[in-house]
Amino acid sequence: MTPCADAPPTLEAILARRQGGPATPVIDVNEPTLKMVVFGLERDLFALPGEQVREILPGTPAFFLPGCPSGVEGVLTVRGDVEPVVCLRTVLRYPPPPAGLGSRLLLAQAAGLRAGLRVDRVTDVMDLPASALHPPPATTNESLRPWVRGVFLADAKPVTVLDAEGVFQCLQPTET
């Protein structure tokens, strides 16, 4: 039986005509990805590797403890565990937040240490192709360089990837 001359073309025929020949197979590229937790401080975007963030918590106030290093707001109890709370605004030398600004806590773990890192907002948890992560630019502030793993673009905005281990090391008391 021959097809009717008035029958509509098949999908394969339409695709072949658009591509100028037979349809080409889709190539599956298995590029490694990195899980990133993207957060903001003021207008700037930062990220922590997903393996360093255990949990994202609402911005609960910390209980003040005297004698804490600069940048440590105090402590917080999370399901029975006492965790220090670090204000990344202070550590990264941002001005104090305006009154009433909400926040989030990233419960981070690195080098055997755990702490809640206070940030203004969490914007995304994403899988980043490994090739999209670039080394820190030469213009990176020298004091931040040990904490910066790299940079990438998210929605055409630069995102600085921090290392929680470096942030935690800056809070260690220095010997005099």
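Residues numbered from 1 in each chain as written. Predicted model: local features only at pLDDT ≥ 70, side-chain atom pairs only at ≥ 80, totals over all residues. Heavy atoms only, no water.

K.L.:
Teacher, can you tell me more about the pairing of strand S2 (residues 44–49) here?
P.N.:
Side chains on a regular strand alternate between the two faces of the sheet. Counted residue by residue, S2 has five buried out of six residues, so it is predominantly covered. Pairing of strand S1 (residues 33–41) with S2 involves six bridges; the strand directions are antiparallel. Bridging across to S2, Gly-40 finds its partner in Leu-45. Where S1 hands over to S2, the hairpin turn is made up of two residues, of which Glu-42 adopts a positive phi near 55°. Bridge count for S2 against strand S10 (residues 157–162) is three bridges, and the pairing is parallel. (Buried < 20%, exposed > 50% of the residue type's maximum accessible area, 1.4 Å probe, protein only. Helix = DSSP H or I, 4+ residues; strand = E, 2+ residues; numbered from the N terminus. Pairing = 2+ DSSP bridges.)

K.L.:
I would appreciate a short explanation of the layout of surface pockets in the present structure.
P.N.:
To find leftover empty space, a probe the size of one water molecule is rolled over the atoms. Here the second largest pocket is characterised by a volume of approximately 160 Å³. Taken together, Val-38, Arg-43, Leu-45, Arg-121, Thr-123, Asp-124, Met-126, Ala-154, Asp-155 and Lys-157 make up the lining of the second largest pocket. Among the elements that make up the lining of the second largest pocket, the one with the highest residue count is strand S8 (residues 121–129) (four residues). Looking at the lining of the second largest pocket residue by residue, the classes come out as four nonpolar, one polar and five charged. (1 Å grid on protein atoms, 1.4 Å probe; cavity = no way out; pocket = protein on both sides within 12 Å on 5 of 7 lines; lining within 4 Å. Points joined across faces, edges and corners; volume = space filled by probe spheres on them. Nonpolar A, V, L, I, M, F, W, Y, C, P; charged D, E, K, R; others polar.)

K.L.:
Would you take a moment to explain the side chain of Arg-118 for this structure?
P.N.:
Checked against the element boundaries, Arg-118 lands in strand S7 (residues 113–119). In this structure the side chain of Arg-118 is engaged in a polar contact, spanning 2.9 Å, whose partner is the side chain of Glu-73. Beyond its immediate stretch of four places on either side in the chain, Arg-118 contacts Gly-59, Thr-60, Pro-61, Ala-62, Glu-73, Val-85, Val-86, Cys-87, Leu-88, Ser-103, Arg-104 and Leu-105. (Polar contact = N/O pair within 3.5 Å; in protein donor to acceptor, adjacent residues only side chain to side chain. Contact = heavy atoms within 4.5 Å.)

K.L.:
Would you mind going over the nonpolar core with me for this structure?
P.N.:
Side chains of a nonpolar character, in soluble globular proteins, are inclined to be buried together. Counting 24 residues, the largest nonpolar core has Phe-39, Leu-48, Leu-88, Leu-106 and Leu-117 as the members making the most contacts within it. Mapped by element, the contributors of at least two residues to this core are S1, S2, helix H2 (88–91), strand S6 (104–110), S7 and helix H3 (164–170). Dropping the residues within four chain positions of it, Leu-88 is found in contact with Phe-39, Leu-41, Leu-117, Arg-118, Val-119 and Val-167. One finds Leu-45, Ala-47, Met-126 and Leu-128 within the second-largest nonpolar core, a separate group that totals 10 residues. (Core = buried A, V, L, I, M, F, W, Y, C linked by side-chain atoms within 4.5 Å.)

K.L.:
Honestly, the sheet that holds S6 in this entry has me stumped. Any pointers?
P.N.:
To summarise the sheet geometry, strands pair through backbone hydrogen bonds and adopt either a parallel or an antiparallel arrangement. The five strands are arranged S3-S6-S7-S5-S4 in an open sheet whose pairing can be described as mixed. Edge positions in the sheet fall to strand S3 (53–58) and strand S4 (72–78), since each has one partner strand and no second. With direction set aside, neighbouring strand axes in the sheet form an average angle of 30°. Pairing between S6 and S7: seven bridges, direction antiparallel. Following the sheet pairing, Arg-104 is matched in S7 by Val-119. (Axes fitted to C-alpha atoms, helices over the stretch in contact; angles between N-to-C directions.)

K.L.:
Can you walk me through the pattern of salt bridges in this structure?
P.N.:
Once the charged atoms of two side chains with opposite charge are near each other, the side chains can pair. This structure, assessed with the given rule, holds 10 salt bridges. Across the pair Arg-149 and Asp-163 runs a salt bridge, and its minimum N-O distance is 3.8 Å. Highlighted residues: Arg-149 in strand S9 (residues 148–154) and Asp-163 in the loop between S10 and H3, separated in sequence by 14 residues. Under the relative-accessibility criterion, Arg-149 is labelled partly exposed at 38%. (Salt bridge = Lys/Arg side-chain N within 4 Å of Asp/Glu carboxyl O.)

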